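# Structural characterization, general
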Amino acid sequence: MSLLALAMQNQVIRAGGQPLRLGAWRAHDSELQRRFSDAGAAEESNHVWLFRYLLTGFLEWRSADGARAFYPGLPSNHGADLDAIEGFSRFAPLIGAWLAAGRSSTVETLEGKPIDLPALLLEGFTAGTDPGGPGYWGVPTKTDQRICEAADIALALWLSRDAVWPGLDSAQQGRIFDWLGVLASLRVHDNNWHLFTVIIVLTLAKLEAGTLPPGGRTHYARVREFHLGQGWFADGNPLQIDYYNAWGFHYPLFWVGELAPQLDPTFLATCLQEFAAGYKFLISPRGLPMIGRSVTYRLAVPAPLIAAQRRYPDVIAPGLARRALAAVWAHFVACGALRAGIVTQGYEASEPALLDPYSGPASPLWSLRSLILALYEPSSAPFWTAPLQPLPIEEKDYTLSLPPIGWEIEGRRSTGEIVIRRSGEIAEDPFIPAPVPARWHPLFGRPLPRPANFRARYLRREYSSARPFWRNPA
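Residues numbered from 1 in each chain as written. Predicted model: local features only at pLDDT ≥ 70, side-chain atom pairs only at ≥ 80, totals over all residues. Heavy atoms only, no water.

## A few points about the layout of surface pockets
Of the voids in this model, the second largest pocket is the one considered here, and its volume is about 430 Å³. For the second largest pocket, the lining is made up of 29 residues, of which Asn191, Tyr244, Arg293, Asp356 and Tyr358 are closest to its centre. Take the lining of the second largest pocket: its biggest share by element is three residues, from helix α19 (residues 454-458). Partitioned by chemical class, the residues of the lining of the second largest pocket number 13 nonpolar, eight polar and eight charged. (1 Å grid on protein atoms, 1.4 Å probe; cavity = no way out; pocket = protein on both sides within 12 Å on 5 of 7 lines; lining within 4 Å. Points joined across faces, edges and corners; volume = space filled by probe spheres on them. Helix = DSSP H or I, 4+ residues; strand = E, 2+ residues; numbered from the N terminus. Nonpolar A, V, L, I, M, F, W, Y, C, P; charged D, E, K, R; others polar.)

## Observations concerning the nonpolar core
Trp255 and Leu338 are the most contacted members of the largest nonpolar core, which totals 159 residues. Not counting residues up to four positions away in its chain, the partners in contact with leucine 338 are Leu32, Leu50, Tyr53, Leu54, Leu299, Trp329, Val333, Val343 and Thr344. (Core = buried A, V, L, I, M, F, W, Y, C linked by side-chain atoms within 4.5 Å. Buried < 20%, exposed > 50% of the residue type's maximum accessible area, 1.4 Å probe, protein only. Contact = heavy atoms within 4.5 Å.)

## Section: the confidence of the model for the chain
Confidence in the prediction for the chain averages 91 pLDDT; 92% of positions are at 70 or higher. Ignoring residues within four places in sequence, the model shows residues 1-19, a span with pLDDT below 50, making 37 contacts including any to other chains. (pLDDT = per-residue confidence, 0-100.)

## Describing the environment of proline 114
Positionally, proline 114 belongs in strand β4 (residues 114-116). Residues contacting proline 114, with those up to four places away along its chain left out, are Thr106, Val107 and Glu108.

## Digging into the packing of helix α5 (residues 92-100) against helix α7 (residues 145-159)
Packed helices, taken two at a time, are described by the angle between their axes plus the distance between the axes. Here α5 crosses α7 at 20°, and the two axes come no closer than 8 Å. The angle between the axes of α5 and α7 places the two elements in the roughly parallel class. The handedness of the crossing between α5 and α7 comes out as left-handed. Contacts between α5 and α7 pair Ala92, Pro93, Gly96, Ala97 and Ala100 from the former with Asp152, Leu155, Ala156 and Leu159 from the latter. Residues of the contact of α5 with α7, tallied by class, amount to seven nonpolar, one polar and one charged. (Axes fitted to C-alpha atoms, helices over the stretch in contact; angles between N-to-C directions. Parallel < 35°, antiparallel > 145°, perpendicular 65-115°, else oblique. Left-handed = near helix turned anticlockwise from the far one by under 90°.)

## Quick look at empty space enclosed by the protein
Empty space among the atoms becomes apparent when a probe as large as a water molecule is rolled across them. Tallying each qualifying case throughout the model produces three cavities of 30 Å³ or more. Counted as a void, the largest cavity has a volume near 80 Å³. As for the largest cavity, its lining consists of Ala151, Asp152, Leu155, Leu195, Phe196, Ile199, Tyr251, Pro252, Trp255 and Arg369. Within the residue set of the lining of the largest cavity, elements represented by two or more residues are α7, α10 (194-206) and α12 (244-259). Taken together, the residues of the lining of the largest cavity break down into eight nonpolar, no polar and two charged. Considering only enclosed or pocket space, the second largest cavity measures out at about 70 Å³ in volume. In terms of lining residues, the second largest cavity is bounded by His250, Leu253, Phe254, Leu268, Ala269, Cys271, Leu272, Arg311 and Tyr312. Of all the elements in the fold, those that place two or more residues in the lining of the second largest cavity are α12 and α13 (265-279). Among the elements that make up the lining of the second largest cavity, the one with the highest residue count is α13 (four residues).

## A few points about the sheet that holds strand β12 (residues 462-464)
In spatial order, the strands read β9-β10-β11-β12; together these four strands make up an open sheet with antiparallel pairing. Where the open sheet ends on each side, the last strands, each with one partner, are β9 (398-402) and β12. This sheet shows a mean twist of 15° between the axes of neighbouring strands, independent of strand direction. Two strands pair when backbone bridges link them, and β9 and strand β10 (residues 407-412) are joined in this way by five bridges, in the antiparallel orientation. The partner of tyrosine 398 across the bridge, within β10, is glycine 411. (Pairing = 2+ DSSP bridges.)

## Description of the side chain of glutamine 345
If you trace the backbone, glutamine 345 turns up in the loop between β8 (342-343) and α16 (369-376). Judged by its relative accessible area of 3%, glutamine 345 is buried. There is a polar contact of 3.0 Å between the side chain of glutamine 345 and the backbone oxygen of glycine 360. (Polar contact = N/O pair within 3.5 Å; in protein donor to acceptor, adjacent residues only side chain to side chain.)

## Section: the packing of aromatic side chains
With the rule as written, the count across this model stands at 31 aromatic pairs. Taking 6.1 Å as the distance between ring centres and 80° as the angle between the ring planes, the aromatic pair formed by tyrosine 251 and tryptophan 255 counts as edge-to-face. Residue tyrosine 251 and its partner tryptophan 255 are both found in helix α12; the two are separated by four residues, about one turn of the helix. Look at tyrosine 251 and you get buried, because its relative accessible area is 3%. Residue tryptophan 255 is classed as buried on the basis of its relative accessible area of 0%. On the numbers, 5.1 Å between centres and 80° between planes, the contact of phenylalanine 332 with tyrosine 347 is edge-to-face. (Phe/Tyr/Trp six-rings, centres within 6.5 Å; stacked < 30°, edge-to-face > 60°.)

## Focus: unusual backbone geometry
At glutamate 208, a residue that is not glycine, the phi angle is positive and equals roughly 55°. Tracing the chain through its elements places glutamate 208 in the loop between α10 and α11 (216-225). The exposed category is assigned to glutamate 208, whose relative accessible area is 69%. At asparagine 453, a position not held by glycine, the phi torsion is positive, near 55°. Mapped onto the elements, asparagine 453 comes out in the loop between α18 (441-444) and α19.

## Examining helix α3 (residues 44-61)
Spanning 18 residues, α3 covers 26 Å between terminal C-alpha atoms, matching the ideal 26 Å at 1.5 Å per step. Along α3, 15 of the 18 residues are buried, which leaves the element largely enclosed by surrounding structure. (Expected span 1.5 Å × (residues − 1).)

## Quick notes on α11
Inspection of α11 places Gly216, His219, Tyr220 and Val223 among the buried residues, and these make up the whole buried set. One side of α11 carries all its buried residues, which in axial view fall inside an arc of 95°. Every exposed residue of α11 that faces more than 90 degrees away from the buried side is listed here: Arg217, Thr218 and Glu225. Its buried side turned inward, α11 meets α10, β5 (227-229), β6 (232-233), α12 and α13. (Arc of directions from axis to C-beta.)

Set out below in structure tokens:
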């Protein structure tokens, strides 16, 4: 039985207190497939519809106080409560970007129910930061997943500030400052997590929180030490070089530039331009040469190109960035990446073998980072209005070297295949499937061990878009 079947075994899902039946979701999924096929995947109107589709799904699982969303799926090793906090924190920036672009504050779900978006965020922010309330997100002591989620919450708060901040009284604002301030003071993992603290501290500064947590510049300086060249970063370990650069480094670094344009403009500009100039050769409408961890975030792959076209359209044309967004979303929608308003836990469709221990039911909402940047662009922006331009793989064959990370990239126009060839340590280990019981985790209510597959994810000689290390057998 699939995850979706487990979630829908009674043929009814709750949506904002109203029953939404399986037949309705089948119709919505069919419409999703239609809208994200061929040229339609590049139209702004279809991404607006996609926002409504995802909002409808979010409301299915949202808690009564608004501070969580209990998406169905395989649990992480963080526990059910943190999994549910992710359900709010990773969706909230999508609403924030929508509002920041000047779009309507009231949106209808696919069932025709009007939703006040600022109120949706306000309820979550206030419930989650009230120590005396049942929805309190709590405060950890060190390297806790809430540090990661606090960065998304801070970003959503800043993006929606004009619509949400005036609706908070001084006591509510103070509780938000207090919660974020504590999270920004904690020790983090020595990798991309340093950027979480940077985002939180910069948000507090922009909202004039008063006394700021110390160490923000130290965290940012540590991120700079991970830079290898040409915009590529090692994720705290020289062996871990992968698509995390797209959604784990360049996405938050874009927001660093928005929050604090004066902080480090030359380095940020050079990094993004150099990265995007080579990175565009890694995207094909027929899939990705996926390498590394967290492959459930696969829909976020176009994010750096969307960021680059906003600031450096002479390096990445708006029409090329939109084509990348359309190509990635169309490919993965066709493969089963979204079902019933849920971003599935896998590469194509849901697959336990591809889940890292820290990945829970709502973790794949980081996939929305490309959509967040797309909807941050107003309807009048060149991103939505400029003519589409083809991806490099759609124009010609190519080979490309990325010396700082030891990759050779080959693209074949006739097949759409992209291949990464690695240098350095090589290990042709097979990818180990998850044990059969892993598919029934929801029945146990706790995660079972998942294969790490580090060598298969990082140390193969070749990674091909045509031969990913796991495919949906359906």
